[in-house]
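# Secondary and tertiary structure notes
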Amino acid sequence: MKHTLLSAAFATMLAVPALANDYMIMAPAAPGGGWDGTARAMQEVMQAEGISASVQVQNVPGAGGTVGLAQFASSTSGDASQLIVGGYVMVGAILTNESPVSLADVTPIARLTGEAVGIAVPAASPLQTIGDLVEMLKADPGSVSWAGGSAGGVDHITVGLLAKAAGVDPTKINYVAFSGGGEALAAILGNQVTVGISGVGEFLPQVEAGTMRMLAVSTAEKWPGTDAPTLMESGYDVNVQNWRMVAAAPGLSDEQKATVAADIDKLVNSAGWKAMLETKGWANTYLAGADFDAQLAKEIESTTAVLKDIGLVK
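Residues numbered from 1 in each chain as written. Predicted model: local features only at pLDDT ≥ 70, side-chain atom pairs only at ≥ 80, totals over all residues. Heavy atoms only, no water.

### Re the packing of aromatic side chains
Scanning the entire structure with this criterion turns up one aromatic pair. Ring centres of Y88 and W243 lie 6.4 Å apart, and the angle between their planes is 25 degrees; on these two criteria the pair is classed as stacked. In this pair, Y88 sits in helix 4 (residues 88-96) while W243 sits in strand 9 (residues 241-248), placing the two residues 155 residues apart along the sequence. Given a relative accessible area of 9%, Y88 falls into the buried group. (Phe/Tyr/Trp six-rings, centres within 6.5 Å; stacked < 30°, edge-to-face > 60°. Helix = DSSP H or I, 4+ residues; strand = E, 2+ residues; numbered from the N terminus. Buried < 20%, exposed > 50% of the residue type's maximum accessible area, 1.4 Å probe, protein only.)

Structure follows, in structure tokens:
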């Protein structure tokens, strides 16, 4: 009888699904930008898909994500419930800010998304084409003020590469860094700057509403959702795609890391995430495990070379 009861109890335990992890996702930027959007998209889908019963988002802006990264690395060791989003911008900011904390101080899990960088102006701007903008840049680099993300990030790098491709000294560009997409967008629409540069998805709502005009995108091929020309087809040899990733806390056991990685794998393969990518205009560039570790090392090496080339890192 005892054996029967124990067997029945054991079978019942196996039939009950394991409780999903609760997560806190740090977006190391102000609300309104790409990292904030990524963290909140993860929050929405992980809860809707039953991957996690509770997901919270915390914003810690500053210095291209390095303020948040330092806080995350120093306060979350061994805690598998803690995640942080990052990506191309953070790689550049670590280098330009000479940050004492790097992605080696956390546990990279996966690359999640890719996105073209868009160059856009208010609808009332006299600049009608990317050619108009480049001519203005050539005449007086300092007269063109660019609103974008953190110094040394993908937006800044793209401006530098465009300047170089157009024969302009990239060290003379007038780049105004903002810690959040919302602040940058307000500056652009308020005519406080000449032009904005950011992820295409951050500009598309305004372009579709008729308040902004997309002059060009940074990828080799046209980007879904916009008919703006690419920089390459406009005659400028620039091909850049932003990418975003998720990392976990440092000091995790192999088992903890595997559990987090499994939850992220469930996320990116869910119907909800695929729908989210389409809504946001993000490409699925999912890469995990050893393949992602190797790719991340290459990205850090190539970003270092680009930043040196355009004068942002010595």
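### Here's the deal with the confidence of the model for the protein
In low-pLDDT segments, the atomic positions of the prediction should not be examined closely. On average, residues of the protein score 90 in pLDDT, and 93% of them are at 70 or above. Confidence drops under pLDDT 50 across residues 1-19; counting only partners more than four residues distant or on other chains, this segment forms zero contacts. (pLDDT = per-residue confidence, 0-100. Contact = heavy atoms within 4.5 Å.)

### So, unusual backbone geometry
Peptide bonds are mostly trans, and most non-glycine residues show a negative phi. Despite not being glycine, E98 has its phi angle at roughly 50 degrees, a positive value. With respect to the helices and strands, the residue E98 is situated in the loop between helix 4 and strand 4 (107-122). Look at E98 and you get exposed, because its relative accessible area is 69%. Here the phi dihedral of N191 falls at roughly 60 degrees; this positive angle occurs in a residue that is not glycine. Positionally, N191 belongs in the loop between helix 7 (181-189) and strand 7 (195-199). Judged by its relative accessible area of 59%, N191 falls in the exposed class.

### Considering the nonpolar core
Core analysis: the biggest nonpolar cluster contains 80 residues, and M42, I119, I130, W146, I264 and W273 have the highest contact counts within it. Aside from chain neighbours lying at most four places away, what touches W273 is A41, M42, V45, L112, T113, L267, V268 and W282. By size, the runner-up hydrophobic cluster in this structure holds 17 residues, among which are F178, L185, V193 and V200. (Core = buried A, V, L, I, M, F, W, Y, C linked by side-chain atoms within 4.5 Å.)

### Thoughts on the pairing of strand 4
Among the 16 residues that make up strand 4, 16 are buried, leaving the element largely enclosed by the rest of the structure. Relative to strand 9, strand 4 is paired through eight bridges, and the arrangement is antiparallel. Paired with G114 across the bridge in strand 9 is W243. Examined bridge by bridge, strand 4 and strand 10 (residues 283-288) share four bridges and lie antiparallel to one another. Residue pairing in the sheet places G114 in a bridge with A283 of strand 10. Bridge analysis of strand 4 against strand 7 gives four bridges, and the strand direction is antiparallel. Note on strand 7: the bridge partner recorded for I119 is I197. (Pairing = 2+ DSSP bridges.)

### A short note on the pairing of strand 7
Among the five residues that make up strand 7, five are buried, leaving the element largely enclosed by the rest of the structure. Direction of pairing for strand 5 (residues 145-148) relative to strand 7: parallel, over a ladder of two bridges. Opposite W146, over in strand 7, you have V195 as the bridge partner.

### Looking at the pattern of salt bridges
Scanning the model with the defined rule gives five salt bridges in all. We note a salt bridge from R244 to E115, for which the minimum N-O separation is 3.0 Å. With a gap of 129 residues between them, R244 in strand 9 and E115 in strand 4 connect regions that are remote in the sequence. Given a relative accessible area of 4%, R244 falls into the buried group. (Salt bridge = Lys/Arg side-chain N within 4 Å of Asp/Glu carboxyl O.)

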